[in-house]
Amino acid sequence: MKLKNLDLPQLQALAAKLARQYRHTGAVIGLVGPLGAGKTTFVQSFCQTLGVRRVKSPSFIIAHRYRQGRLTIHHFDLYRLHSAAQLEVLGLTEILETGGLVLIEWVDKFPRLAKRCNLIIRLQINPRGGRDVTIQTHKN
């Protein structure tokens, strides 16, 4: 699915829609795009839709875990990572095995990890200032 020229409220609405869709089934969602494309904004809207009041920016902390009742959301920002060995230290393999909701920014840096995603969301800033979004589903 391709969406063209989304403004910020439309991007946030898309994140909210996907959060409601996957809140009970769980999903691994990979986010791809250049700096400033809206990956963290997407994650913040996604988590806030599920009741997380304060979503932290992953500027220097690579992993965040949010609990909302029985729901656990894992958020990873892999921008500063360079090897698959670093993923193991985070416990990412175990988290992926347990299910739930996992949001991974910069998942394209690790192609084997990207293959484990149910959705890949590609964000691109277009010349008009909006965001072009492509959602690719993976059958795992």
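Note that the structure is predicted; figures quoted are calculated from it, not measured. (Residues numbered from 1 in each chain as written. Predicted model: local features only at pLDDT ≥ 70, side-chain atom pairs only at ≥ 80, totals over all residues. Heavy atoms only, no water.)

## Description of the sheet that holds strand S7 (residues 131-137)
Spatially, seven strands are ordered S1-S7-S6-S2-S5-S4-S3 in an open sheet, and the strand pairing comes out mixed. The open sheet terminates on both sides in strands that have one partner only, identified here as strand S1 (2-6) and strand S3 (63-68). If you compare each strand with its neighbour and ignore which way they point, the axes differ by 15 degrees on average. With seven bridges connecting them, strand S6 (residues 119-125) and S7 associate as antiparallel partners. (Pairing = 2+ DSSP bridges. Helix = DSSP H or I, 4+ residues; strand = E, 2+ residues; numbered from the N terminus. Axes fitted to C-alpha atoms, helices over the stretch in contact; angles between N-to-C directions.)

## Notes on the side chain of Ser 45
Its location among the elements puts Ser 45 in helix H2 (residues 39-49). A relative accessible area of 9% places Ser 45 in the buried class. For Ser 45, the residues in contact, after removing those within four places along its chain, are Gln 12 and Ala 15. (Buried < 20%, exposed > 50% of the residue type's maximum accessible area, 1.4 Å probe, protein only. Contact = heavy atoms within 4.5 Å.)

## A few points about the pattern of salt bridges
Taken as a whole, this structure holds one salt bridge when the rule is applied. For Arg 116, the salt bridge goes to Glu 97, with nearest N and O atoms at 3.4 Å. Highlighted residues: Arg 116 in the loop between helix H5 (111-114) and S6 and Glu 97 in helix H4 (residues 92-98), separated in sequence by 19 residues. Here Glu 97 falls in the exposed class, since its relative accessible area comes to 58%. (Salt bridge = Lys/Arg side-chain N within 4 Å of Asp/Glu carboxyl O.)

## A look at the confidence of the model for the protein
Summing up the model confidence of the protein, the mean pLDDT is 90 and the portion of residues at 70 or higher is 96%. Mean pLDDT values over the elements of the protein span from 84, in helix H3 (residues 84-89), up to 97, in S6. (pLDDT = per-residue confidence, 0-100.)

## Observations regarding unusual backbone geometry
At Asn 5, a residue that is not glycine, the phi angle is positive and equals roughly 55 degrees. Tracing the backbone through its elements, the reader meets Asn 5 in strand S1. Its relative accessible area of 31% is what places Asn 5 among the partly exposed residues. Although it is not a glycine, Trp 106 adopts a positive phi angle of roughly 65 degrees.

## Regarding the side chain of His 74
In this structure, His 74 sits in strand S4 (residues 71-77). Judged by relative accessible area, which is 13%, His 74 ranks as buried. Excluding anything up to four places from it in sequence, His 74 contacts His 64, Arg 65, Ile 95, Leu 101, Val 102 and Leu 103.

## Some remarks on the pairing of strand S5 (residues 101-105)
Counting buried residues along S5, five of its five residues qualify, which places the element largely inside the surrounding structure. Burial along S5 is two-sided: Leu 101, Leu 103 and Glu 105 facing one way and Val 102 and Ile 104 facing the other are all buried. Across five bridges, strand S2 (residues 27-32) lies against S5 in parallel orientation. When the sheet's bridge partners are listed, Ala 27 is paired in S5 with Leu 101. Sheet topology note: the S4/S5 ladder contains five bridges and is parallel. Across the sheet, residue His 74 finds its bridge partner in S5, namely Val 102.

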